[in-house]
Number of protein chains: 2
Amino acid sequence: MFLTNNYNVTKCKEKQATPKAAFVFLHLVNEKTFYVVERRVAKLRVFEFIGGTILEAKEISQAVISRLPRYFRYLGELKDDGVERISSQELSTLMKVTASQIRQDFNNFGGFGQQGYGYNVEYLYSEISKILGLDKTHHLIIIGAGNLGQALANYMNFERRGFLFEGIFDQNPALYGKKIRDIEVQPMENLECFVKENSIDIAVLTIPKTGAVNVAEKLVHYGIKAIWNFAHVDLNVPDDIQVENVHLSDSLMKLSYNLNSNLK
Amino acid sequence: MFLTNNYNVTKCKEKQATPKAAFVFLHLVNEKTFYVVERRVAKLRVFEFIGGTILEAKEISQAVISRLPRYFRYLGELKDDGVERISSQELSTLMKVTASQIRQDFNNFGGFGQQGYGYNVEYLYSEISKILGLDKTHHLIIIGAGNLGQALANYMNFERRGFLFEGIFDQNPALYGKKIRDIEVQPMENLECFVKENSIDIAVLTIPKTGAVNVAEKLVHYGIKAIWNFAHVDLNVPDDIQVENVHLSDSLMKLSYNLNSNLK
């Protein structure tokens, strides 16, 4: 057991809830057409307004969404290399996906480009960044200060994307006070107050599977909205809590399957 | 640069190639029907023989394959808990997938069970283990002895599945000789001979993206068959080399997207 079960004992200050945001940003496609990307629902929807009337409302599939981080990565590298414009054909060659796939994906968001001119790299990078929510700041804690927890804490790249590493917790007293990027490992008993006082929205779980389900339930109770789960177990949390699983064993087994199925 | 480009200088002993294996195991469904799972091709195929004649040959989709590790994980837990039989309905409730999905998935491999009796947990666990290639032993090295490399090296569970941790390499001289689970960190210059002399088939890349593409190409040249890639870059390797990417940033961005799209 990591924590006491006494959920009602709260000695820390309660924070005001942040204002609710429904419509998050607007795309100006041309002087007549606007796309509004609504993030209030689980699936991204794009509305087209012409003269104040909604002409179209479509949902973006999770398949498209799962491809966005890769586009974002390639565009970031192009941007760093000083590339200003790129055609879907050039991007296709670079990323080894069809140009048609790229155009279809981007058409979900109004196309992002002008026929014959290619895409403006900086603009496209910035728009995908907004769609992924990377224009916002997230406050992140890590539960479990073992090798993996420390590796993630040290991965500076996350900070560049707006994921601020605020705290790290462990149940092992030998680790209390140990500094990881100037942040001290704290005992699990501090978790509840810390989450509430620092508006923590994302928890990274790098603890063994035996404690993970229980800790996840408590994190939700304390107000966490998303869990990046490295524990090798499926968590049991309400539907409005976002969970992204990184089951490393499953990934290695897939590799093993493909390795064995490819024996010649 | 991690290594010299001189691919031709090989001072280490060459090993004989292992015999080629095409048909890997047989399923006895009943006294008349056998399923042969062939692993020679990239996609798993099941052949049904009745009286020596192939009646059916079907390919197993990657979607089914990607669900197998999760079945394997749940069955392993049931086995550890001493459960001998489970119905598709009970498994459905436990895993939160439909019983119909479970039956469809298992039917790809001949069903694994008898109507009305449920599945034999031990048998099902063992069969899925074979399909995933976990009945074999793999020899694995880690390139990059930073926090993530050390975390993976220390993850004992992989050994239980037949993934033997044989060596760890880094380009930082300060780490040479440091012991991780009794295995010393070696310089990158030792890589070629080590891979060849120890029949290494899987390399885990936990180095920064700048060196990863180059190192991957060399690993393939040395004889590596599969790469578990944690470097945040797409590798450029031949089609017969299996790559499983764990792009942690992409995973965090997906979490961020879902968190923001769920704002109320």
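For the structure, check the block above.
Nothing here was measured: the structure is a model prediction, and the numbers come from that model. (Residues numbered from 1 in each chain as written. Chains lettered and ligands numbered in written order. Predicted model: local features only at pLDDT ≥ 70, side-chain atom pairs only at ≥ 80, totals over all residues. Heavy atoms only, no water.)

## Concerning the overall build of chain A
The criterion, for reference: Counting from the N terminus, the helices are the DSSP runs of H or I reaching at least four residues and the strands are the DSSP runs of E reaching at least two. For every residue, the accessible area obtained with a 1.4 Å probe (protein chains only) is divided by the maximum for its type, and the residue is called buried under 20%, exposed over 50%, and partly exposed between those limits. It only takes one pair of heavy atoms within 4.5 Å for two residues to be counted as in contact. Areas reported as accessible are Shrake-Rupley estimates using a 1.4 Å probe. Residue values count occlusion only from the protein chains shown.
A tally of regular secondary structure across chain A gives 9 helices and 14 strands. For chain A, with 264 residues in total, the buried portion stands at 51%. Contacts in chain A between residues far apart in sequence, at least 24 positions, make up 52% of those at least 6 positions apart. Roughly 12700 Å² of accessible area belongs to chain A as shown, and the carbon and sulfur atoms make up 49% of that amount.

## A short note on the packing of aromatic side chains
To keep things clear, this is the line we draw: Paired rings are identified among Phe, Tyr and Trp, the last through its six-membered ring, by centres lying within 6.5 Å, and are further divided according to the angle between planes into stacked (under 30 degrees), edge-to-face (over 60) and tilted (the rest).
Applying the stated criterion to the full structure yields 14 aromatic pairs over all chains. Seen from their ring centres, F106 of chain A and Y119 of chain A are 5.1 Å apart, and the 80° between their planes marks the pair as edge-to-face. In this pair, F106 of chain A sits in helix α3 (residues 99-107) while Y119 of chain A sits in strand β7 (residues 118-120), placing the two residues 13 residues apart along the sequence. Here F158 of chain B and W228 of chain B contribute two aromatic rings whose centre-to-centre distance is 5.5 Å and whose plane-to-plane angle is 75°, an arrangement assigned as edge-to-face. A residue pair is termed long-range when its members are at least 10 positions apart, and F158 of chain B in helix α6 (residues 157-160) and W228 of chain B in strand β13 (residues 226-229) qualify at 70 residues. On the basis of relative accessible area, F158 of chain B is assigned to the buried category, the value being 6%.

## Considering the relation of the copies chain B and chain A
Note the cut-off: Each copy is superposed on the other by least squares, with the fit set by C-alpha atoms of residues at a pLDDT of at least 70 in both.
The two copies are related by a screw operation: chain B maps onto chain A through 180° of rotation and 0.0 Å of translation along the axis, at an RMSD of 0.0 Å. Within this description, the copies of the chain are treated as partners about a two-fold rotation axis. Taken together, the interface assignments show that 100% of the residues at the interface of chain B recur at the interface of chain A, consistent with an identical surface on both copies.

## Focus on unusual backbone geometry
A negative phi holds for most residues other than glycine; trans holds for most peptide bonds. Residue and element names in this part refer to chain A. Phi is positive for R181, which is not a glycine, with a value near 50°. Relative to the helices and strands, R181 resides in the loop between β10 (179-180) and β11 (183-187). By relative accessible area, R181 is classed as partly exposed at 27%.

## Some details on the side chain of Q150 of chain A
If you trace the backbone, Q150 of chain A turns up in helix α5 (residues 147-153). Looking at Q150 of chain A, the relative accessible area reads 13%, which means it is buried. Not counting residues up to four positions away in its chain, the partners in contact with Q150 of chain A are A145, K178 and I180 of chain A together with N147 of chain B.

## Let's talk about the layout of surface pockets
Just so we agree on the cut-off: In this analysis the probe radius is 1.4 Å and the grid spacing 1 Å, with only protein atoms considered; a cavity is a set of points the probe fits into but cannot get out of, a pocket is an open set with protein on both sides within 12 Å along at least five of seven lines, and lining residues have an atom within 4 Å of a point. Grid points are joined across faces, edges and corners, and a volume is the space filled by probe spheres set on the points. The classification used treats Ala, Val, Leu, Ile, Met, Phe, Trp, Tyr, Cys and Pro as nonpolar, Asp, Glu, Lys and Arg as charged, and all other residues, Gly among them, as polar.
The space that makes up the largest pocket amounts to roughly 1500 Å³. Looking at the largest pocket, it is lined by 39 residues, and the ones nearest its centre are K254 of chain A together with E244, N245, V246 and H247 of chain B. At the level of elements, α1 (62-80), α2 (88-95), β14 (242-245) and α9 (248-261) of chain A together with α1 (62-80), α8 (209-222), β14 (242-245) and α9 (248-261) of chain B are the ones that each hand at least two residues to the lining of the largest pocket. Looking at the lining of the largest pocket, the element that brings in the most residues is α1 of chain A, giving 7 residues. Its residues assigned to classes, the lining of the largest pocket shows 13 nonpolar, 10 polar and 16 charged.

## Observations regarding the environment of P208 of chain A
Residue and element names in this part refer to chain A. Relative to the elements of secondary structure, P208 occurs in the loop between β12 (202-205) and α8 (209-222). With relative accessibility at 55%, the residue P208 sits in the exposed group. Separated by 22 residues in the primary sequence, P208 and F230 have C-alpha atoms spaced 8.7 Å apart.

## As for α3 of chain A
Because each turn of an α-helix spans 3.6 residues, side chains separated by three or four positions end up pointing in the same direction. Residues and elements named next belong to chain A. Operational definition: Each C-beta atom gives one direction from the helix axis, and the arc is the one those directions make.
Of all the positions in α3, only A99, I102, D105 and F106 are classed as buried. Buried residues of α3 fall within an arc of 125° about the axis and therefore sit on the same side. Check the buried side of α3 and you find it contacts α1, α2, β7 and α4 (121-131).

## Observations regarding the packing of α1 of chain A against α3 of chain A
All names here are of chain A. As a reminder, the rule being used: Fitting a line to C-alpha atoms yields each axis, with helices limited to the stretch in contact; the angle taken between N-to-C directions then spans 0 to 180 degrees. Roughly parallel refers to an angle under 35 degrees, roughly antiparallel to one over 145, roughly perpendicular to one between 65 and 115, and oblique to any angle outside these ranges.
Axis separation between α1 and α3 bottoms out at 11 Å; the angle between their running directions is 110°. Classified by the interaxial angle, the pair formed by α1 and α3 is roughly perpendicular. Of α3, the residues touching α1 (which contributes V64, R67 and Y71) are Q101, I102, D105 and F106. A class-by-class count of the residues in the contact of α1 with α3 yields 4 nonpolar, 1 polar and 2 charged.

## Thoughts on empty space enclosed by the protein
The tally for this structure, following the rule as stated, stands at 2 cavities of 30 Å³ or more. Counted as a void, the largest cavity has a volume near 80 Å³. As for the largest cavity, its lining consists of L140, I142, L152, A153, Y155, F158, E159, F163, F165, R181, V204 and W228 of chain B. The set of elements that each furnish at least two residues to the lining of the largest cavity consists of β8 (138-143), α5 (147-153), α6 and β9 (163-170) of chain B. Taken as a whole, the second largest cavity holds about 60 Å³ of empty space. Together, L140, I142, L152, A153, Y155, F158, E159, F163, F165, R181, V204 and W228 of chain A line the second largest cavity. When residues of the lining of the second largest cavity are traced back to their parent elements, those giving at least two are β8 (138-143), α5, α6 (157-160) and β9 (163-170) of chain A.

## Concerning the environment of G82 of chain A
All names here are of chain A. By the secondary structure assignment, G82 is in the loop between α1 and β5 (85-86). Residue classification places G82 among the exposed positions, given a relative accessible area of 53%. When the C-alpha positions of G82 and T98 are compared, they lie 24 Å apart, and in sequence the two are 16 residues distant.

## Re the nonpolar core
What counts here: Here, nonpolar core refers to any group of buried Ala, Val, Leu, Ile, Met, Phe, Trp, Tyr and Cys residues whose side-chain atoms link them within 4.5 Å.
With 102 residues, the main nonpolar core has I128 and W228 of chain A together with I128 and W228 of chain B as its most contacted residues. Sequence-distant contacts of W228 of chain A, defined by excluding residues within four places in its chain, comprise L152, F158, A203, V204, L205, E244 and V246 of chain A together with L248, S251, L252 and L255 of chain B.

## Examining the sheet that holds β12 of chain A
Residues and elements named next belong to chain A. Applicable threshold: At least two bridges found by DSSP between two strands is the condition for calling them paired.
Overall, mixed pairing links the 7 strands, which are arranged β10-β11-β9-β8-β12-β13-β14 in an open sheet. The open sheet is flanked by β10 and β14, the only strands paired with a single partner. Pairing of strand β13 (residues 226-229) with β14 involves 4 bridges; the strand directions are parallel. Note on β14: the bridge partner recorded for W228 is E244.

## Considerations on the sheet that holds β14 of chain B
Residue and element names in this part refer to chain B. On the basis of which strands lie adjacent, the open sheet formed by 7 strands has the order β10-β11-β9-β8-β12-β13-β14 and mixed pairing. With partners counted over all chains shown, the strands left at the sheet margins are β10 (179-180) and β14, one partner each. Together, β8, β12 (202-205) and β13 form the strand contacts of α8, whose direction differs from that of β12 by roughly 170°.

## Concerning the pairing of β11 of chain A
Residue and element names in this part refer to chain A. Burial analysis of β11 places 4 of its 5 residues in the buried class, the great majority of the element. Sheet topology places β9 next to β11; 3 bridges connect them, and they run parallel. Residue F169 lies in a different strand from β11, and its bridge partner there is Q186. Looking at chain direction, β10 and β11 are connected through 2 bridges and run antiparallel. Each bridged residue has a counterpart across the sheet, and for I180 the counterpart in β11 is I183. Hairpin connection from β10 to β11: 2 residues lie between these consecutive antiparallel strands, with R181 at a positive phi of about 50°.

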